[in-house]
Amino acid sequence: MKFKRVVPYNLKKMLPILGIAGIGAVSSCEKVEPIEMPKTSLEFSFLVCGSTVDEMWDWNQKYSFSSLNTFLNQDYVDTIYIVPKGEYPYNKDDISYLRNQYMEPLVNSSPKIHGKGNFSFEKGEPAKVPEDSLWFVQNGWTINQKQR
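In short, a report on the structure. Since the model is a prediction, treat every value here as computed from it, not as a measurement.

**Overview of the environment of Asn-69**
Assignment of secondary structure puts Asn-69 in helix 2 (residues 68-72). Residue classification places Asn-69 among the exposed positions, given a relative accessible area of 52%. A sequence separation of 41 residues divides Asn-69 from Ser-110, and the C-alpha atoms of the two residues are 9.6 Å apart.

Structural data, given as structure tokens:
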């Protein structure tokens, strides 16, 4: 036994219905968000080249120090660490000069810049300038501590 039934339809009514169904299907697609760069941090390390602060600025890392401003302007860089390497045979005047002329302007230039690592000054010299020593510690560095 076969049932055959013809369903009558009107083309004038069918086209708008298909159009509305198609628009609903197309507009319900998920939007693709742009890919964000992951946040990262960089380390700029420097070595002592001489016995005074004026001779010290030999930057030794895979990025040149002149590129620091380029990295400061990048959105994906969230932190830049300034890391001292080596030993610093400085007296109390050199420690104050290092802070006032180099480190403090560098740290104050951007909230992204922080200190990291250890300054190995001559024993007893940091105690002669406690305000400078405290400034180094407050900004992330240690003084005369062994690295773990």
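**A short note on unusual backbone geometry**
A positive phi angle is found at Asn-144, which is not glycine, with a value near 55°. Secondary-structure assignment places Asn-144 in the segment after strand 7 (142-143).

**Brief notes about the packing of aromatic side chains**
Under the definition given, this model contains ten aromatic pairs. A ring pair is formed by Tyr-90 and Phe-121, whose centres lie 6.3 Å apart and whose planes are at 35°; its orientation type is tilted. Residue Tyr-90 is located in the loop between strand 4 (87-88) and helix 3 (92-108), and its partner Phe-121 is located in strand 6 (residues 118-121); the two are separated by 31 residues in the primary sequence. By the burial criterion, Tyr-90 is buried, and Phe-121 matches it. An aromatic cluster of three or more residues is present, and its members are Tyr-90, Phe-119, Phe-121, Trp-135, Phe-136 and Trp-141. Here the basic side chain of Lys-116 rests over the ring of Tyr-81, its NZ or CZ set 4.9 Å away from the ring centre.

Thresholds, definitions, all that
Residues numbered from 1 in each chain as written. Predicted model: local features only at pLDDT ≥ 70, side-chain atom pairs only at ≥ 80, totals over all residues. Heavy atoms only, no water. Helix = DSSP H or I, 4+ residues; strand = E, 2+ residues; numbered from the N terminus. Buried < 20%, exposed > 50% of the residue type's maximum accessible area, 1.4 Å probe, protein only. Phe/Tyr/Trp six-rings, centres within 6.5 Å; stacked < 30°, edge-to-face > 60°. Lys NZ or Arg CZ within 6 Å of the ring centre and 35° of its normal.

Everything listed here is a matter of coordinates, which is why it stays silent on function.
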